[in-house]
Amino acid sequence: RVGKGVFSAMKLGKTRPPKDDGRKQDEPAVLETEDLDRKAIRLGGGLDPDTISLASVTAVTTNVSNKRAKPDIKMEPSAGRPMDYQVSITVIEARQLVGLNMDPVVCVEVGEEKKYTSMKESTNCPYYNEYFVFDFHVPPDVMFDKIIKLSVIHSKNLLRSGTLVGSFKLDVGTVYTQPEHQFYHKWAILSDPDDITAGVKGYLKCDIAVVGKGDNIKTPHKSNETDEDDIEGNLLLPDGVPSERQWARFYVKIYRAEGLPRMNTSIMANVKKALIGENKDLVDPYVQVTFAGQKV
């Protein structure tokens, strides 16, 4: 009888009401697959099962007991098939690097891959003209999310990490959306990522191009050297992005604190009671606020 009763409850999609503990009927229901489909359609507002959102289906499947097999929910893989991409970067020169007695090296990163230029000794305006190529075979959405990072490092020895002078970042997708999928003879603004208020740490002149299968890269017409030396007029910035970043100031008001733990010891409590005549908690609290690398 007991087995038959449980089987009947499973067919009806309900649990048997508890007899002795008086608990509310909040036990998870054991649902047949057909019942699950009907409930999902009701949650989806009568929509076709193929158009029901993942959240609606998940809400239903969370109430299904582990005793029954859950319906498979297939997650969509990364959009697009893997394709061949090539990122080419030419590090030409750097100027106005901040520092003394520098031996600058440029680190070129695309995603997880790193390559280095040669080291130039005792100069704040090193000339490199070195070419780097990075090959990838990934889907487009993965490729365009990769970060290109150019870092100038002051180091006497490449075996050591050295001191970061400044760095510049942008994503591959930004380069690919440019005319001819490239930046040509542009100056990247170097800054300290740990101190955004420190200002410009120098400029790095470079070419960056992203080539996919079937893309053709045309070398832009070479302008006058005088025009290319105009750093402010040839910054490495996407179209429509101003060179001056807008500043923002955040205000945080601290009103009060409650429920702080007792901090006094028995000796200090006795001293305070003798001096003031009161026996209260000895707490000297302050609040620390940290945001985007800044602390107050």
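Small disclaimer: the values here were computed from a predicted structure and weren't measured.

Participant: Quick one: what's the story with a nonpolar patch on the surface, residue by residue and with numbers?
Facilitator: Taken together, the side chains of Val 252, Ile 254 and Val 287 present a nonpolar region at the surface, about 280 Å² in accessible area. Here Val 252 falls in the exposed class, since its relative accessible area comes to 55%.

Participant: Residues and numbers for the environment of Ile 147, please.
Facilitator: The residue Ile 147 is located in strand β5 (residues 147-154) in this model. Given the relative accessible area of 39%, Ile 147 is considered partly exposed. Along the primary structure Ile 147 and Val 172 are separated by 25 residues, whereas in three dimensions their C-alpha atoms are 6.1 Å apart. Apart from the residues within four sequence positions on either side, Ile 147 is in contact with Glu 109, Val 110, Gly 111, Lys 169, Leu 170 and Asp 171.

Participant: Residues and numbers for the pairing of strand β2 (residues 104-110), please.
Facilitator: In terms of residue burial, β2 counts as a mostly covered element, since seven of its seven residues are buried. In this structure, β2 lies alongside β5, joined through seven bridges in antiparallel fashion. Residue pairing in the sheet places Pro 104 in a bridge with His 154 of β5. Sheet topology places β2 next to strand β3 (residues 113-116); four bridges connect them, and they run antiparallel. If you follow Val 110 over to β3, its bridge partner there is Glu 113. The hairpin formed by β2 and β3 contains two residues between the paired strands, and Gly 111 there has a positive phi angle of roughly 65 degrees.

Participant: Tell me about the nonpolar core, residues and numbers included.
Facilitator: Ranked by size, the top nonpolar core spans 32 residues in total, and within it Val 87, Ile 89, Ile 148 and Ile 208 carry the most contacts. At the level of elements, β1 (83-95), β2, β4 (127-138), β5, β6 (163-171), α5 (172-176), β7 (182-191) and β8 (200-212) are the ones that each hand at least two residues to this core. In this structure, Trp 187, Tyr 203, Ile 231 and Leu 235 belong to the second largest nonpolar core, which totals five residues.

Participant: Describe the pattern of salt bridges, and please don't skip the residues or the numbers.
Facilitator: Inspection of the entire model under this criterion finds two salt bridges. In this structure, the salt-bridge partner of Arg 95 is Glu 93, at a minimum N-O distance of 3.2 Å. Overall, Arg 95 belongs to the partly exposed group, its relative accessible area being 24%. Of the residues examined, Glu 93 reaches a relative accessible area of 11% and is grouped as buried.

Participant: An account of the packing of aromatic side chains is needed here, citing residue identities and associated values.
Facilitator: Each aromatic ring pair is characterised by the separation of its centres together with the angle its planes make. A complete count under the given rule lists three aromatic pairs for this structure. Measuring from centroid to centroid gives 5.8 Å for Tyr 85 and Phe 144, while their planes differ by 70 degrees, and the two rings are edge-to-face. With Tyr 85 in strand β1 and Phe 144 in helix α4 (residues 140-144), this residue pair connects regions lying 59 residues apart in the sequence. Feature note: the residues Tyr 85, Phe 144 and Tyr 176 constitute an aromatic cluster, connected by ring pairs. Across the ring face of Phe 134, the terminal group of Lys 115 is positioned such that the distance to the ring centre comes to 4.7 Å.

Parameters and conventions
- Residues numbered from 1 in each chain as written.
- Predicted model: local features only at pLDDT ≥ 70, side-chain atom pairs only at ≥ 80, totals over all residues.
- Heavy atoms only, no water.
- Patch = residues over 30% accessible without salt bridge, like charges linked within 9 Å, V, L, I, M, F, W, Y side chains within 5 Å.
- Areas by Shrake-Rupley, 256 points an atom, 1.4 Å probe, with all protein chains shown as cover.
- Salt bridge = Lys/Arg side-chain N within 4 Å of Asp/Glu carboxyl O.
- Buried < 20%, exposed > 50% of the residue type's maximum accessible area, 1.4 Å probe, protein only.
- Helix = DSSP H or I, 4+ residues; strand = E, 2+ residues; numbered from the N terminus.
- Contact = heavy atoms within 4.5 Å.
- Pairing = 2+ DSSP bridges.
- Core = buried A, V, L, I, M, F, W, Y, C linked by side-chain atoms within 4.5 Å.
- Phe/Tyr/Trp six-rings, centres within 6.5 Å; stacked < 30°, edge-to-face > 60°.
- Lys NZ or Arg CZ within 6 Å of the ring centre and 35° of its normal.

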